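Fold and contact review
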Amino acid sequence: MNKNIKPIFVNLFRLHTIPNVLRIWRYKHSQPKKLMSFLRSGGWYAEIRDNEVWAYGVEAPDARATFLGATTPKGTLEATKAFNGYLNHYLAKKGFYRIDAAWFDPEDYVEIEGQIAILGTYFPLTVRMNQGYLVETMRYGADFFAQVDLQKQVFTQKPLASLDGAIVTWLETQSAKHKQPLRAIDLRHKRIFLLDKAPPEAHLLLHPSHLETVHANTPQNTRRASQDVFKKSQFSFEELIRKIGVFEGILDPNPLPLPQGALAQVGYGGLRMSNGMGKEAKDVFKLGFFKPLRKTRFQLAFPALRIPLKQSQNSAFYSNHILVKERNQASHRESVATYQKNTLSVEARQLMLYHFVDRLRLKANQEGRQILELFNSKSSFTDAWRRLGFDLELVTPPILYDPKTGKLLSGSAQRTDVLLLLAPEEVAQKQLRNIYGQTKGFFEKVQIVQPSTLMDSPASVNTLAYDIALKLGAVPFKLEGFDTPVLGIRRTKEGFSWRLLSAEGVLEKSGKDLPEEGELPDNLLVHFMGAGDALEEIMAWTSRPLVWISRSNLRFSEKQLPLGTYFRLLPEVAYLLTHPGTPGWPSPVRVEVVQGEVTLEEALALVYWLTKAAGGLYLPGHLPLSIKE
């Protein structure tokens, strides 16, 4: 073995417990669902089998039900359930609480002290993040391993009863704006409620949109709590190795090293563009869209408002507003740099002039030269549109609207392809609806844009141009190397939904429930995403080749492995890296060939290239287009 090759590990940890101590306890109860819920709350893996309740694990539960006997698990599936019960019960005994699939440690947390400005008044607000673990047993080779991933839960340190009413009202308003209902967690009873149903002792769960309004404790120096929460919530393999000590005695603390040759690469396929084959969507810049657009007519709409330019960094002031506490260790504070808000601002009109008027015209007058100096010759929307190979015509005059009412102050809607509507955060949904009502029917597409998109990096402007082109019917590429149409089926709480793609990755049909077999092509591959019980329904419905695709919590120790890399766990199962995880740590998708004459390599290649079709200009999708949400 080459000693210079850096070893790759995965977040699989060998279980010390041997399988012959595992047990299944069988019970009879007048309310089996109630008993099953009780057992699960204590950590046991429990399920209903033929009117009996089976509990899996190592230690017998205090079930308070008629005991029917104990058996030893038969086969890998039952042993896996028993190991899961063993691990979950272990965490429950240590005082962890369970929300959905994750176990959270109330003795391992980060607290971020801050304040929130509401109508010019500052209110103190401390955010707490509890450390969580996602634990799942799987078999690799002859041994059983626990897959351990990290997760954070973010909520207010104080319960509802102790929070200032102004804060609750403000956060509720922010939730409505971002269509995220405000929820709260009752830590004592381990339950999550909608705000109007939450008890006084519950803590508000916080979304990133809430955290953007929370700042460090000094009004003149600013650091959004979302920055600190994001940094503290990001997965890292080093942190996992440090935290794995919580499983001392039951898991080997060393992650599984992958043997040389365990990782492989998707071997074929590509993206057919106008002037050749590409590997990424961004190759359209040099190879051109497979189906380009004709000249596109844009009309602009913007508010009578000044917009702050991007905030500048200031490392002269530090704040120790972050408290870190880990299990069995003393708490300590961390000092981080804050920054100061930049008071420089521009009129919304000036921002739009920069992005949609030629540089030569701007240089011809004093205001235009000032605008060019303000934006320091950053890439404009017009530049991005032309780089994609398209022509743009600007329809004048633009529309100027009142940000407080949505009333049009000047200009009127004209028949064009796109209305590009600049909408800062100050403009509420009600005002946007007013604008729609006054311009309805004049545009093929309406594109709402936040100022930050136009003031950020060139990549954000390029992405905006690419996304608008796709909405107008441009086709950047088609899949090359495949001759099999794909039927993608998803199972959610609402039932089944499906999407039929051509062999080139182009959407042809979609619908609800399951489609009629007679209306589908003969040589068809089925992609499915959903739970195991729904998979059994799909297998009963069709005998066509079937590939089961799901998100996973597997992590490679190397953060920047090439996309298309996969780890073959079993002859029919592999973990495929489809997304770089930007800005976090990537996790692969799980791909399993369930039935039919299709090889795992063929299945992986099609899944991989369909994630390109599901993504944007710079990043592919996590999931293939066939089953994308």
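Refer to the preceding data block for the structure.
Predicted, not measured: the structure shown is a model, and the values here were computed from it. (Residues numbered from 1 in each chain as written. Predicted model: local features only at pLDDT ≥ 70, side-chain atom pairs only at ≥ 80, totals over all residues. Heavy atoms only, no water.)

For the structure on display, the rule yields 31 salt bridges. Between E47 and K81 there is a salt bridge, and its shortest N-O distance comes to 3.2 Å. Within this pair, whereas E47 is found in strand β3 (residues 45-49), its partner K81 is found in helix α2 (residues 75-93), the two being separated by 34 residues in sequence. With relative accessibility at 13%, the residue K81 sits in the buried group. Linking R327 and D105 is a salt bridge whose minimum nitrogen-to-oxygen distance equals 2.7 Å. Of this pair, R327 sits in the loop between β20 (318-325) and β21 (332-337) while D105 sits in strand β7 (residues 102-118); the two residues are 222 residues apart in sequence, bridging distant segments of the chain. Residues R327 and D105 agree in their burial class; the two are buried. (Salt bridge = Lys/Arg side-chain N within 4 Å of Asp/Glu carboxyl O. Helix = DSSP H or I, 4+ residues; strand = E, 2+ residues; numbered from the N terminus. Buried < 20%, exposed > 50% of the residue type's maximum accessible area, 1.4 Å probe, protein only.)

Glancing now at the packing of aromatic side chains. Counted by the stated rule, this structure contains 22 aromatic pairs. Ring geometry for F235 against W585: centres 5.6 Å apart, planes inclined by 75°, an arrangement best described as edge-to-face. One end of the pair, F235, is in the loop between α5 (225-233) and α6 (237-243); the other, W585, is in the loop between β34 (573-576) and β35 (589-595), and 350 residues separate them in sequence. Residue F235 is classed as buried on the basis of its relative accessible area, which comes to 7%. With centroids separated by 5.9 Å and ring planes inclined at 55°, the aromatic side chains of F289 and Y466 adopt a geometry described as tilted. (Phe/Tyr/Trp six-rings, centres within 6.5 Å; stacked < 30°, edge-to-face > 60°.)

Moving on to the packing of helix α8 (residues 348-356) against helix α10 (residues 366-375). Orientation of α8 relative to α10, taken along the N-to-C sense of each, is 85°, at an axis distance of 10 Å. Classified by the angle their axes make, α8 and α10 are roughly perpendicular. From α8, R349, Q350, L351, L353 and Y354 reach across to α10, where they touch E367, I371, L372 and F375. Looking at the contact of α8 with α10, its residues break down into six nonpolar, one polar and two charged. (Axes fitted to C-alpha atoms, helices over the stretch in contact; angles between N-to-C directions. Parallel < 35°, antiparallel > 145°, perpendicular 65-115°, else oblique. Contact = heavy atoms within 4.5 Å. Nonpolar A, V, L, I, M, F, W, Y, C, P; charged D, E, K, R; others polar.)

Moving on, we get to the nonpolar core. Note on soluble globular proteins: their nonpolar side chains tend to be buried together. Counting 74 residues, the largest nonpolar core has F298, F381, W385, I468 and L576 as its most contacted members. The element best represented in this core is helix α16 (residues 600-614), accounting for ten residues. Core analysis: the next-biggest nonpolar cluster, separate from the first, contains 30 residues, Y86, L87, V246 and F247 among them. (Core = buried A, V, L, I, M, F, W, Y, C linked by side-chain atoms within 4.5 Å.)

To continue, consider the side chain of D417. By the element assignment, D417 lies in strand β25 (residues 416-422). There is a polar contact of 3.2 Å between the side chain of D417 and the side chain of R294. Polar contacts involving the side chain of D417 include one to the main-chain amide nitrogen of R297, which spans 2.7 Å. Beyond its immediate sequence surroundings of up to four residues, D417 is in contact with R294, K295, T296, R297, F443, E444, K445 and L472. (Polar contact = N/O pair within 3.5 Å; in protein donor to acceptor, adjacent residues only side chain to side chain.)

Bringing empty space enclosed by the protein into the picture now. Throughout the structure, instances matching the rule amount to one cavity of 30 Å³ or more. Considering only enclosed or pocket space, the largest cavity measures out at about 50 Å³ in volume. Those elements that provide at least two residues to the lining of the largest cavity are α8, α13 (451-455) and α14 (458-471). Taken together, the residues of the lining of the largest cavity break down into six nonpolar, three polar and two charged. (1 Å grid on protein atoms, 1.4 Å probe; cavity = no way out; pocket = protein on both sides within 12 Å on 5 of 7 lines; lining within 4 Å. Points joined across faces, edges and corners; volume = space filled by probe spheres on them.)

This paragraph deals with the sheet that holds strand β10 (residues 183-186). The strand order across the open sheet formed by three strands is β11-β10-β12, and the pairing between neighbours is antiparallel. At either margin of the open sheet sits one strand with a lone partner, and together these are β11 (191-194) and β12 (203-204). Where β10 and β11 come together, four bridges link them in antiparallel fashion. Within β11, the position partnered with R183 by the bridge is L194. (Pairing = 2+ DSSP bridges.)

Among all positions of helix α1 (residues 32-41), only L35, M36 and L39 are buried. Seen from one end, α1 has its buried residues packed into an arc of 100°, which puts them on one side. Those residues of α1 that are exposed and aimed more than 90 degrees away from the buried face are K33, K34 and S41. Its buried side turned inward, α1 meets β2 (23-28), β3 and β4 (52-57). Following α1 by one or two positions, G43 adopts a phi angle in the positive range, close to 105°. (Arc of directions from axis to C-beta.)

Okay, the environment of N254 next. By the element assignment, N254 lies in strand β14 (residues 251-257). Overall, the relative accessible area of 51% leaves N254 in the exposed class. Note: C-alpha distance between N254 and F9 (245 residues apart in sequence) is 9.3 Å. Sequence-distant contacts of N254, that is, excluding residues within four places in its chain, are made with L12 and F13.

What follows concerns the pairing of strand β28 (residues 486-492). Within a regular strand, the side chains alternate between the two sheet faces. For β28, the tally of buried residues reaches five of seven residues, placing the bulk of the element in the interior. Two elements, β28 and strand β29 (residues 495-501), share seven bridges in a ladder whose sense is antiparallel. The residue bridging R490 from the neighbouring strand is S497, located in β29. Linkage of β28 to β29, two consecutive antiparallel strands, is achieved through a turn of two residues. One ladder, built from five bridges, connects β28 with strand β31 (residues 525-529); its direction is parallel.

What follows covers the sheet that holds β25. The sheet built from five strands is open, its strands ordered β24-β23-β18-β25-β26 with mixed pairing. Each edge of the open sheet carries a strand with a single partner, namely β24 (408-410) and β26 (443-449). Each strand of the sheet is rotated relative to its neighbour by a mean of 35°, with strand direction disregarded. Note that β25 and β26 share six bridges and pair parallel. Bridge assignment links L419 to a residue of β26, and that residue is V446. The strands touched by α8 within the sheet are β18 (296-303), β23 (392-401) and β25, with β18 carrying the most contacts at an inclination of about 160°.

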